[in-house]
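Spelled out, the chains give:
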Amino acid sequence: MKTFREDFLWGGATAANQYEGAWDADGKGPSISDMCTNGSHTSPKRVTPVFEEGTLYPSREATDFYHHYKEDIALAAEMGFKVFRMSINWTRIYPTGMEPEPNEAGMEFYDRVFDELKGYGIEPLVTISHYEIPYALVEKYNGWYGREVIDCFVRYCETIFERYQDKVKYWLTFNEINSGTMPMGSILSLGTVKGFSGPVNTVPDEKQIRYQGLHHQFVASAKVVKLAHEKYPQFKMGNMTLFATKYPNTCNPDDILRCQKEMRNMNWFTSDVQVRGYYPSYSERFFEEYDIVVRKEEGDDEILRQGTVDFFTFSYYMSTCESADPQIRATAAGNLVGGVKNPYLKASDWGWQIDPQGLRYSLNEIYDRYQIPLMVVENGLGAYDKLEEDGSIHDSYRIDYLRQHIKQMEEAVKDGVDLMGYTPWGWIDVVSASTGEMAKRYGFVYVNKYDDGTGDLGRRKKDSFYWYKKVIETNGKDLR
Ligand code: BGP
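Note that the coordinates shown come from a computational prediction; the quantities given were computed from them, not determined experimentally.

Focus: the side chain of Asn 175
For Asn 175, the location among the structural elements is in the loop between strand 5 (170-174) and helix 7 (185-188). Note on Asn 175: relative accessible area 1%, which makes it buried. Among the polar contacts listed, one links the side chain of Asn 175 to the side chain of Arg 85, at a separation of 2.9 Å. Beyond its immediate chain neighbours, meaning those up to four positions away, Asn 175 contacts Arg 85, Thr 127, Ser 129, His 130, Tyr 131, Ser 189, Met 240 and Glu 378.

A short note on the site of the ligand
What surrounds the ligand is a group of 15 residues, the closest being Glu 176, Ala 433, Ser 434, Lys 440 and Tyr 442. At 2.9 Å, a side-chain N or O of His 130 approaches an oxygen atom of the ligand. In the model, an oxygen atom of the ligand is placed 2.6 Å from a nitrogen or oxygen of the Tyr 442 side chain. Burial of the ligand by the protein chains amounts to 99% of its free accessible area of 380 Å². Of the residues contributing to the shell around the ligand, the split by class is six nonpolar, six polar and three charged.

Focus on helix 14 (residues 463-473)
Among all positions of helix 14, only Ser 464, Phe 465, Trp 467, Tyr 468, Val 471 and Ile 472 are buried. Take helix 14 and look down its axis: the buried residues cluster within an arc of 165°, on one side only. Where helix 14 is buried, its residues meet strand 1 (9-13), helix 2 (65-79), helix 13 (396-414), strand 14 (419-422), strand 15 (445-447) and strand 16 (459-461). Asn 475 occupies a position one or two residues after helix 14 and carries a positive phi of about 50°.

A look at the confidence of the model for the protein chain
Residues of the protein chain with pLDDT of at least 70 account for 98%, and the chain-wide mean is 97. Across the protein chain, strand 3 (residues 83-87) holds the top mean pLDDT of 99, while strand 10 (residues 319-322) sits lowest at 94.

Details of unusual backbone geometry
Of note in this structure, Ala 22 is not a glycine but carries a positive phi near 45°. Along the chain, Ala 22 falls in the loop between helix 1 (16-19) and strand 2 (46-47). What makes Ala 22 buried here is its relative accessible area of 11%. Backbone geometry at Leu 457 places phi at a positive 65°, although glycine is not the residue there. Along the chain, Leu 457 turns up in the loop between strand 15 and strand 16. For Leu 457, a relative accessible area of 9% gives the class buried.

What to know about the packing of helix 13 against helix 14
Helix packing geometry: the angle between the two helix axes and the distance between the axes. Two elements in contact, helix 13 and helix 14, have axes separated by 10 Å at closest approach and are oriented at 20°. Taken together, the axes of helix 13 and helix 14 are roughly parallel relative to one another. Crossing geometry of helix 13 relative to helix 14 is assigned as right-handed. In contact with Arg 398, Ile 399, Leu 402, Arg 403 and Ile 406 of helix 13, helix 14 contributes Asp 463, Ser 464, Trp 467 and Val 471. Taken together, the residues of the contact of helix 13 with helix 14 sort by class into five nonpolar, one polar and three charged.

Observations regarding the side chain of Ser 87
With respect to the helices and strands, Ser 87 occurs in strand 3. Within the structure, the side chain of Ser 87 is placed 2.7 Å from the backbone nitrogen of Ala 16, a separation counted as a polar contact. Polar contacts involving the side chain of Ser 87 include one to the side chain of Glu 132, which spans 2.9 Å. Sequence-distant contacts of Ser 87, defined by excluding residues within four places in its chain, comprise Thr 14, Ala 15, Ala 16, Glu 20, Tyr 110, Thr 127, His 130 and Glu 132.

Topic: the nonpolar core
With 133 residues, the main nonpolar core has Phe 161, Trp 171 and Trp 427 as its most contacted residues. Of the residues forming this core, the biggest block, 10 residues, is contributed by helix 6 (residues 148-164). In contact with Trp 171, not counting residues within four places along its chain, are Ile 88, Leu 125, Val 126, Ile 128, Ile 160, Phe 161, Tyr 164, Phe 235, Lys 236, Met 237, Gly 238 and Phe 311. With 10 residues, the next largest nonpolar core counts Val 83, Tyr 170, Leu 172 and Met 240 among its residues.

Describing the packing of aromatic side chains
Scanning the model with the defined rule gives 53 aromatic pairs in all. With a centroid separation of 4.3 Å and an interplanar angle of 35°, the aromatic rings of Tyr 66 and Phe 109 are classed as tilted. Residue Tyr 66 is located in helix 2, and its partner Phe 109 is located in helix 4 (residues 104-119); the two are separated by 43 residues in the primary sequence. Across this residue pair, the class does not change: Tyr 66 and Phe 109 are buried. A centroid spacing of 6.1 Å and a plane angle of 70° characterise the contact between Phe 153 and Tyr 156, whose relative ring orientation is edge-to-face. With a gap of three residues between them, Phe 153 and Tyr 156 both fall in helix 6, about one helical turn apart. Tyr 156 sits in the buried class, given a relative accessible area of 0%. The aromatic ring of Phe 109 is capped on one face by Arg 92, whose charged end is 5.6 Å from the ring centroid. Across the ring face of Trp 268, the terminal group of Arg 369 is positioned such that the distance to the ring centre comes to 4.3 Å.

Calculation criteria
- Residues numbered from 1 in each chain as written.
- Predicted model: local features only at pLDDT ≥ 70, side-chain atom pairs only at ≥ 80, totals over all residues.
- Heavy atoms only, no water.
- Helix = DSSP H or I, 4+ residues; strand = E, 2+ residues; numbered from the N terminus.
- Buried < 20%, exposed > 50% of the residue type's maximum accessible area, 1.4 Å probe, protein only.
- Polar contact = N/O pair within 3.5 Å; in protein donor to acceptor, adjacent residues only side chain to side chain.
- Contact = heavy atoms within 4.5 Å.
- Near = heavy atom within 4 Å.
- Areas by Shrake-Rupley, 256 points an atom, 1.4 Å probe, with all protein chains shown as cover.
- Nonpolar A, V, L, I, M, F, W, Y, C, P; charged D, E, K, R; others polar.
- Arc of directions from axis to C-beta.
- pLDDT = per-residue confidence, 0-100.
- Axes fitted to C-alpha atoms, helices over the stretch in contact; angles between N-to-C directions.
- Parallel < 35°, antiparallel > 145°, perpendicular 65-115°, else oblique.
- Left-handed = near helix turned anticlockwise from the far one by under 90°.
- Core = buried A, V, L, I, M, F, W, Y, C linked by side-chain atoms within 4.5 Å.
- Phe/Tyr/Trp six-rings, centres within 6.5 Å; stacked < 30°, edge-to-face > 60°.
- Lys NZ or Arg CZ within 6 Å of the ring centre and 35° of its normal.

This is how it looks when you write it as structure tokens:
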């Protein structure tokens, strides 16, 4: 029976906007995430178009990878990482997204990071855009709604591809690109929030604007995938989807159809375009229902066909159920998306329902549909951790969560899925994307940083650190 391949890419995932900090160091410009305040599970973070004195902006310092990269990479190496998922902060390279020339100091930072990784034989996996659109592009073009942003993005990619061509092989174009199908995605992913100020859950539901923005992201992604394939044949280019697995709430055919529709619109729509190279047939009816008219330019369809990805990556945290009855809907919280609670599952302290078998199910569904290699590039448990007086952190709940998910990944491999690797989210504590909290921790490594902005940023190994090291050492065999 099959198991994880010998060259399985074990590692961990981060993103610059939640990890790097140094938000204005060495010429870096502000990104959308730098304009978001802190928040919590019960009080949503806010977007502020102008900087408010006395307000905390957690991404600005985050957990300071910028000044701790050597120490952090050494910790990753100690766990035996084969791959390190990170993102390049667009505004470190092009502070407003529109400069004619890149910012050399920003470029040098990533040279140092990639060289450090190389020293330990760790492969970088780079997300090109992970919730880091330059805020200047939000103000000037309403983010990705403006077609001009395609050229800004392509120039940014040309720059980093050329510079890091010998250092980076694996690239993902947009993090959780399908978050743009939801109102929340208009903030972090699309940046279509010009002039918007207020709590993130009050952002207007502007489908016409979001789907136009998504079209521009599809074209941008396809253009740079095509460029990479032509100019840098050693590159492997991937998409990245937020996979929010859905089950019908009952066997009532109304629920089944509702679930199918939601699976398509939420989970499949963007990858159908990025993997197959054209808009799926069901999208026409969806656009009609919501009066969405996507403006395409001549040549766009051709580009989409030419720029399909080599591998499929996704985040997986949870599942929910779908009901045709609006009264039953929206009882479970989730990774940017809600749904109906599943009575068979338990949930995290943030209400995200824990469903390891849902990962096996999703891997099988995705592989059946596309037949290209898959990678789970985010998965994990956001939890409150207790720092003991002796400096230890006993996170058995996290080990348990990950153990169960890894077991189900192995089942999926036995089912025949071609799985390349696994990078659990926030392998070191970072700021939460949805709430802006520090208290929601995912890491194997604890960072002394707290919700009020205090903390000396010291790093400590949690129990899960030693556990994951053994998992990697044994290629997933020893999960005790
Ligand atoms: C995904 C994002 C990550 C990460 C993760 C966990 O949506 O790609 O950036 O933050 O979710 O979410 P949160 O931080 O809200 O717990």
